[in-house]
Every structure is written in structure tokens, then in C-alpha cells.
Amino acid sequence: MPENTEPAPETQKAVSEENGHAEEQPTEETNGVEKKEDSVKEKEEPVKEMKAVVLLSFGGYKGVKIMKKPEPTPQNGEVLIRVKACGLNFQDLITRLGAIDSPPKTPSVMGFECAGEIEAIGEEVEGFEIGDRVVALPEFKAWAEFCCVPAKFVYKLPNEISFNDAAAISMNFVVAHIIVNELLSLKPGKTVLVHSAAGGVGLAIVQLLRMIDGITIFGVCSKSKHEELKDVGIDHLIDRNDYVNEIRKISSEGVDVVLDCMCGEDCNRGYGLLKPMGKYLLYGSANVVTGETKSFFSVARSWWQVDKVSPIKLFDENKSFSGFNLRHLMYQQNGADYVRKAMNEVFNMFIDGKIKPKIDSTWAFEDICDAMQKMHDRKNIGKILLDPAQEPKPKPPTPVKVKVKKEKKEKVTSPTKEEPPKAEGGESAENGKAEENGKAEENGKAEENGKAEEEKPAAENGTDKVEEVKVAEEVKAAA
């Protein structure tokens, strides 16, 4: 008898359990793969982008572009700001040229000043919450829809200050406040020369000087701006072209204080205007910007034109020479706490109505080159702002180039006139007319030809009869 090959019930159960386990295992693996795919899909979500003003290369305006960049994520000690307003400063022009010390690596987002709301907070940040209204002074990266800034350079805004006012007063009035109230010890009866008196910092300095009794202000700026500045509190508005002689006419001894943001030859002129016990303070180098592109010659000349002032000369003439650089104080010399104190004092002066920024104009990111050109040409009176949400100005239509055909010089019996422009369907209409004219001409020719053929035989027959009569007469004569 053949052996029973059918497995025992216990063996079948074991086999089925093993097979069942084997059949269930791939399903679990498949689910695991699906879960991994889902997680990969979540990770591969499109990166959020933002609009930013990017410096691609140093030099002219061709290196400045509006681009889409990934939204930044705040790192330790940083906050992410949704930008509402930005400030344009002269050091932005110097940065574009590459004439600033320690320039950023390109491509890089531009801008030193912005105001907005906190969108996210990094680790180890205290004193800020999401939604706080703030103004910030980052080293570059401010001109974007989102900006990550170390918390030590971010300042909470009082409710009384709008984003535009914050971007207009933060850097300009902090510089002015430190210069006037910290570095100078002014008393009634002193005279002060302010360069670029129509600019953002210049007007801020004038407002703070007006709080001190008995101060006489000499403001140097383009003559075209004098009419608009006649009510800001400047005692003597002087054209920049010949300001040394004009000041000497009013004050033969010179001035007590020179506040210079120009550098170059103006350093020597300003130092020469100082009275004994006078103070000269350099806080900018606008003369470096002489053209659209960087000129190493102009940069070198701006510095080499400054006479070397030795301590012995200062000692002999009883004069003081000093400088102030806010950027270096904040980012290189650990002056963040000092600047925060100054910023809070500026906010209090604004709330008390003691200061008020003058905003020259507000521009869209797309019009940044036009805004820079206005500042470069010294045409602004007050602060120039940028608004990332503002629509760009419409561009003028590009003129259509019309090709003018040169008339060929030909001898003609009568002048020809150019045909008027053809309307839609003109070609078909003209073709129709041409066909009708062609048919008419053919019909006319056919009619003429028919008549000619009819008349031709008659004419030919008449000629034959005349010839026959002549021949008959000649025969008769011969006979």
C-alpha cells in the first residue's frame, strides 16, 4: 500500500501558520515603504520663496537684481522678520560699488535697515515673541520680504511708531543722537557746520541741534534745495560749490564744530575752518561715490587728499579731530548694548514729539536702481524708503522703430504718391479689384479685337477691288 503523504493536521496547521506569516510579512513591508514615501513627499514639499534685492557683482546697476530666494530659517540667537519697510543709506551705494571695508561675498542680499513683524524665533532668544513689531539693523540682508537678524540688533517698536517712521529714524537718528549728545559737548553760542544738510542724517542732526539754545547752524547743500529747507531751522544755507568763502564772509574766524560725511578734500577745508578749541568729526565718506561703477582711483584719491594730521599739529593749534562709524561700533567693537540704549532714547524723543523724520520718497524693490540714482545725484531731501509690497512704477513704452525706405533716385515723368496703409482685408479687396479690372480690360480688348476683325476683312476687300480696277485700266490702255 502506498504511504499516506498527506501531512498530519498539526503539521498542516504549522505550515499554514508559517505560510500565513509569510504572506502577511510583505504587506507590512509594503506599508513601511508607503510610509517612507509619504515622509519623503513631506520632505520634498516646495521650498517657500521670497523676493529680495540681490547684489550679483560689484560695480554698476547691472549687478543689482530682484530675485526669488528661499525664505531663511532663524538660527540660534536670531529672529525672522516679515519686512514691511526698509531704509536706503549712503553706505548701500558704497557697498554696491565694492568700496566698503569687508564687503559681502556675492551674490548677497543687500540692505542695513528694515522694520516689520517677528515671524519666527530661534533658540536661545529671550525678550521677543511672534508678532512683535520691531526694527532691525542687520549687517546686509535687510532688503527682502523676510530677514533673519541676530536678536541683539533687533529693537521693539512702541505702538506710536509706524514701520515707515521706524525705518526712517532708526539708523539716521541714532547716528545723529550719538554725535550731537554723546560725542560733542555743545554750549550756547557755538557755531556748527553740517555737510549734506538735506540728507537723512543731516536733517536729523539739525533737529537735535535745534534743541540746544544759542547754536548757529551752517548747512551746506545744493542751491536747488535751499527753498525747501528754509523752515527746518538752518541759520545759514550755503551752496556746496564755494562754502568756505561764504562761511568766512559770515564768520571770519570760522566755526566751532565741523560735521563731515564727505571726506576727501572736504576734510582739509573743514579743518581749515576750525577755530581754536574747535572740533572736527568725520562720520562718512560720500566722496568715494563719484560714478556709477567703482573707480579705484577715486577711492584712493578720496583718502590721499586728506592731509596727515599729527598729534603735534593738533596740540599746537588747539584743535580736536575724531571719527564715528556706527557699523564698526555694532558689528566689530561689541557696541550692541550702547546702540540699544541710544535707540530707546530716540524712540522716546519721537513719542515726545521732539523729532520727526522727513521722508523723501518710497520705492518698490523693482525700482531700487532709480532710488539709488536719486541718492547718488544728491536729489533727495530726507530719507528714501523701500516697500517690498509696493507695486513698481510703470515703465514707459518702448518706442517702435519705424523702418524708413529710402526712395530710389529714378527719372520719372510725374511724381508717385505712396499708397495709404492697408486695412484688414485690404489685400483681398485689392485682389478683387484687380480681378475685376483684369476682366474689364480683357473684355474691352476682346470687344476691340472683335471690331477690328470685323472691320479688317472689309478694308482688305475694298483694297482688292481698287487694285483690280487699276489693272483693267492699264490693260485697256495697252490695247
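Predicted model only: the values in this text are computed from it and were never measured.

**Looking at the nonpolar core**
Burial of nonpolar side chains together is a common tendency in soluble globular proteins.
Logical step 1: Of all hydrophobic cores here, the largest spans 93 residues; its most connected members are Trp-143, Ile-179, Ile-205, Leu-259 and Tyr-283.
Logical step 2: Sort the elements by how many residues they give to this core and helix 3 (residues 163-183) lands first, with 13 residues.
Logical step 3: Core analysis: the next-biggest nonpolar cluster, separate from the first, contains 16 residues, Ile-238, Tyr-243, Ile-247 and Val-258 among them.

**Structural notes on the packing of helix 5 (residues 243-250) against helix 6 (residues 265-273)**
Logical step 1: For the pair helix 5 and helix 6, interaxial distance at closest approach is 11 Å and the crossing angle is 10°. As far as their axial angle goes, helix 6 and helix 5 are roughly parallel. Counting all contacts with helix 5, which are made through Tyr-243, Val-244, Ile-247 and Arg-248, the residues of helix 6 involved are Asp-266, Arg-269, Gly-272 and Leu-273.
Logical step 2: Counted by class, the contact of helix 5 with helix 6 contains four nonpolar, one polar and three charged residues.

**Remarks on helix 2 (residues 90-97)**
Logical step 1: With six of eight residues buried, helix 2 is to be regarded as a mostly interior element.
Logical step 2: Of the positions making up helix 2, those classed as buried are Asp-92, Leu-93, Ile-94, Thr-95, Arg-96 and Leu-97.
Logical step 3: Structurally, helix 2 contributes buried residues whose contacts are with strand 1 (49-55), strand 2 (64-70), strand 3 (78-88) and helix 11 (368-376).
Logical step 4: Positive backbone phi, at 85°, marks Gly-98, one or two positions downstream of helix 2.

**Topic: unusual backbone geometry**
Logical step 1: Backbone torsion omega between Thr-106 and Pro-107 reads 0°, so that peptide bond is classified as cis.
Logical step 2: Here Pro-107 is to be found in the loop between helix 2 and strand 4 (108-109).
Logical step 3: Located in the positive-phi region is Ser-196, a residue other than glycine, with phi close to 45°.
Logical step 4: Here Ser-196 lies in the loop between strand 9 (191-194) and helix 4 (200-209).
Logical step 5: You can call Ser-196 partly exposed: its relative accessible area is 29%.
Logical step 6: Residue Cys-263 is not a glycine yet carries a positive backbone phi of 70°.

Thresholds, definitions, all that
- Residues numbered from 1 in each chain as written.
- Predicted model: local features only at pLDDT ≥ 70, side-chain atom pairs only at ≥ 80, totals over all residues.
- Heavy atoms only, no water.
- Core = buried A, V, L, I, M, F, W, Y, C linked by side-chain atoms within 4.5 Å.
- Buried < 20%, exposed > 50% of the residue type's maximum accessible area, 1.4 Å probe, protein only.
- Helix = DSSP H or I, 4+ residues; strand = E, 2+ residues; numbered from the N terminus.
- Axes fitted to C-alpha atoms, helices over the stretch in contact; angles between N-to-C directions.
- Parallel < 35°, antiparallel > 145°, perpendicular 65-115°, else oblique.
- Contact = heavy atoms within 4.5 Å.
- Nonpolar A, V, L, I, M, F, W, Y, C, P; charged D, E, K, R; others polar.

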